[in-house]
Amino acid sequence: MKAFLLIDEFHDHYYDFVAELSSIPLNVVRPSRNYKKKQLAWVDGCFKVIKETSKGDTIICTLDIQAIICSWICTLFFIKRKIVCVNILLKDKDTIKNRVVSFLYKKAITRNNVMASVTSSEYGHWLNEKLGTNVKFFLQHDVFHPYYEKQHQQKPGKSIFCGGRNGRDWNFMLKVARSLPDVRFNLVVSEGVEESFQEPIPPNAKIYSNVNYDRFYQLMCESLMVCLPLDTDAPAGLLVIFHAAANKKMVITTDTVVTREYIGENRGVILPNHIQQWNESILFYMNNHTIREKRANHLLSFLNMYCSERQYIMGIEQMVNEINKQ
């Protein structure tokens, strides 16, 4: 029996280190070509990896939705494959689309041929409650790459940085900025997000829209701290948190079932989305360099110890070994 690592995009090399460093031989499979719509690439990759595998082989999906697609394809066409779903990212939105997706996830992850992991133990409990399941999820921290520490090192200024795509509570961040008129905020948003703001933009907040990767992290590194208010309990903002830690920026973020896995115990600050608490915390840490630096360094040490590439690969190998025992 063989193991196959399914990559979600044709040109994506983010997970190549898994195949290169794993003690388990892994066959890497990518979509047949580059698609303009990523959803087509996901489906194409799923059909391709199922076609290239044989009965009893294991398919490792680093994108959770592809594991769900593979599971449904195998079920509908009576194909026997073992599927490892690395870190579920199911959101908690109360929409018809999310209800349908939740149903598909629920049926897939409760099948005997599927093993799934989560990036936070509490998120696993949250998922079981949301889906009405009793799945024993494997804890797999997101990966912190060593090269993160070698990128974008710049002299910090005195601004507060907030940026990213999924799960950001932008209106809350604008309220916080308005209540701290003497503090400068740089908000980096995706294209079109600014149009959805319900709060007016205060004069001390500058909005950057649709910037490239390098400019995004340049703005982060020019800041004194990183603030990430979230509007979801689902995994969100972890990549930004990892890059902030790599550049020794203290992080203030929303207290959720996921952020508690990484932030806390003197590793940054987690708070409920309460304006007064955020105001007090921002002002306190802006004026206390030593404490701010210690919290940033503690987070970096935690990520290097528990979220390394080696730890990530060991987690995948353990899941593969466990599912092959079934």
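Quick note: structure is the one above.
Peer 1: Teacher, can you tell me more about the overall build of the chain here?
Peer 2: When its secondary structure is counted, the chain shows 12 helices and 12 strands. Taking 2.2 N^0.38 as the reference for a compact globule, 326 residues should give roughly 20 Å; the C-alpha atoms of the chain span a radius of gyration of 21 Å, in line with that estimate. Across its three principal axes, the chain shows a C-alpha extent of roughly 65 × 40 × 40 Å. Looking at the 326 residues of the chain, the share that counts as buried comes to 56%. Here the analysis covers contacts within the chain between residues at least 6 apart in sequence; of these, 68% occur between residues at least 24 apart. Within the structure as shown, the chain displays about 15,900 Å² of accessible surface, and the carbon and sulfur contribution to it stands at 51%. For the chain, the separation between the mean place of its 40 positive charges and that of its 33 negative charges on side chains is 4 Å.

Peer 1: What's the story with the pattern of salt bridges in this structure? I'm lost.
Peer 2: Pairs can form between side chains of opposite charge once their charged atoms are near each other. The tally for this structure, following the rule as stated, stands at 7 salt bridges. In this structure, Asp-255 and Arg-260 form a salt bridge, with 2.6 Å as the shortest nitrogen-oxygen distance. For Asp-255, a relative accessible area of 32% corresponds to the partly exposed category. We classify Arg-260 as partly exposed; its relative accessible area is 33%. Each of the salt bridges in this network shares a partner with another, and the network as a whole consists of Glu-122, Asp-255 and Arg-260.

Peer 1: Explanation requested: the packing of aromatic side chains in the structure shown.
Peer 2: Describing an aromatic ring pair means giving the distance of the ring centres and the angle of the ring planes. Going through the model one piece at a time under the given rule, you end up with 16 aromatic pairs. Centroid distance Tyr-123 to Trp-126: 5.4 Å. Interplanar angle 15°. Geometry classified as stacked. Of the two residues, Tyr-123 and Trp-126 are both situated in helix α5 (residues 121-131); the distance of 3 residues between them amounts to about one turn of the helix. The class for Tyr-123 is buried, based on a relative accessible area of 0%. Given a relative accessible area of 16%, Trp-126 falls into the buried group. Linked through ring pairs, Phe-144, Tyr-147, Tyr-148, Phe-242, Tyr-262, Phe-302 and Tyr-306 together constitute an aromatic cluster. Over the ring of Trp-72 we find Arg-111; its NZ or CZ atom is 4.3 Å from the centre of that ring.

Peer 1: So what exactly am I meant to see when it comes to unusual backbone geometry here?
Peer 2: Apart from glycine, the bulk of residues carry a negative phi angle, and the bulk of peptide bonds sit in the trans form. Within the chain, Asn-210 stands out as a residue other than glycine whose phi angle is a positive 55°. Non-glycine residue Lys-248 carries a positive phi angle of around 60°. Among the residues examined, Lys-248 registers a relative accessible area of 53% and is labelled exposed.

Peer 1: For this particular structure, what's the right way to read the sheet that holds strand β3 (residues 58-61)?
Peer 2: Within a beta sheet, neighbouring strands are joined by backbone hydrogen bonds and run either parallel or antiparallel to one another. On the basis of which strands lie adjacent, the open sheet formed by 6 strands has the order β2-β1-β3-β4-β5-β6 and parallel pairing. Here the strands that pair on one side only, and so sit at the sheet edges, are β2 (26-29) and β6 (138-139). In terms of strand pairing, strand β1 (residues 3-6) meets β3 through 4 bridges, oriented parallel. If you follow Phe-4 over to β3, its bridge partner there is Ile-59. Where helix α3 (residues 64-76) meets the sheet, it contacts β1, β3, β4 (82-85) and β5 (114-118), and its direction lies at approximately 160° from that of β4.

Peer 1: What am I meant to see in the side chain of Ser-281 here?
Peer 2: The residue Ser-281 is located in helix α10 (residues 275-286) in this model. Apart from residues lying up to four places away in sequence, Ser-281 is in contact with Ile-252, Val-269 and Leu-271.

Peer 1: Mind showing me how you'd approach the pairing of β1 here?
Peer 2: A regular strand places its side chains so that they alternate between the two faces of the sheet. Of the two faces of β1, the one lined by Ala-3 and Leu-5 and the one lined by Phe-4 and Leu-6 are each fully buried. The sheet contact formed by β1 and β2 spans 4 bridges and is parallel. Looking at β2, one finds that Leu-5 is bridged to Val-28. For the crossover from β1 across helix α1 (residues 16-21) to β2, the handedness is right-handed.

Peer 1: For this particular structure, what's the right way to read the environment of Gly-163?
Peer 2: The residue Gly-163 is located in strand β7 (residues 159-163) in this model. Residue class for Gly-163 comes out buried when judged on its relative accessible area of 0%. For the pair Gly-163 and Ile-291, spaced 128 residues apart in sequence, the C-alpha to C-alpha distance is 23 Å. Those residues in contact with Gly-163 that sit more than four places away from it in its chain are Arg-168, Trp-170, Val-188, Phe-216, Leu-228 and Val-240.

Peer 1: I keep staring at the nonpolar core and nothing clicks. Help me out?
Peer 2: One broad rule of soluble globular proteins: the nonpolar side chains tend to lie buried together. Counting 61 residues, the largest nonpolar core has Ile-88, Tyr-123, Leu-127, Tyr-262 and Leu-303 as its most contacted members. In this structure, Trp-170, Val-183, Val-189 and Leu-224 belong to the second largest nonpolar core, which totals 29 residues.

Conventions adopted
- Residues numbered from 1 in each chain as written.
- Predicted model: local features only at pLDDT ≥ 70, side-chain atom pairs only at ≥ 80, totals over all residues.
- Heavy atoms only, no water.
- Helix = DSSP H or I, 4+ residues; strand = E, 2+ residues; numbered from the N terminus.
- Rg over C-alpha atoms; globule rule 2.2 N^0.38 Å.
- Buried < 20%, exposed > 50% of the residue type's maximum accessible area, 1.4 Å probe, protein only.
- Contact = heavy atoms within 4.5 Å.
- Areas by Shrake-Rupley, 256 points an atom, 1.4 Å probe, with all protein chains shown as cover.
- Lys, Arg positive; Asp, Glu negative; His and termini not counted.
- Charge placed at Lys NZ, Arg CZ, Asp CG, Glu CD.
- Salt bridge = Lys/Arg side-chain N within 4 Å of Asp/Glu carboxyl O.
- Phe/Tyr/Trp six-rings, centres within 6.5 Å; stacked < 30°, edge-to-face > 60°.
- Lys NZ or Arg CZ within 6 Å of the ring centre and 35° of its normal.
- Pairing = 2+ DSSP bridges.
- Axes fitted to C-alpha atoms, helices over the stretch in contact; angles between N-to-C directions.
- Right-handed = clockwise from strand over helix to strand, strands pointing away.
- Core = buried A, V, L, I, M, F, W, Y, C linked by side-chain atoms within 4.5 Å.

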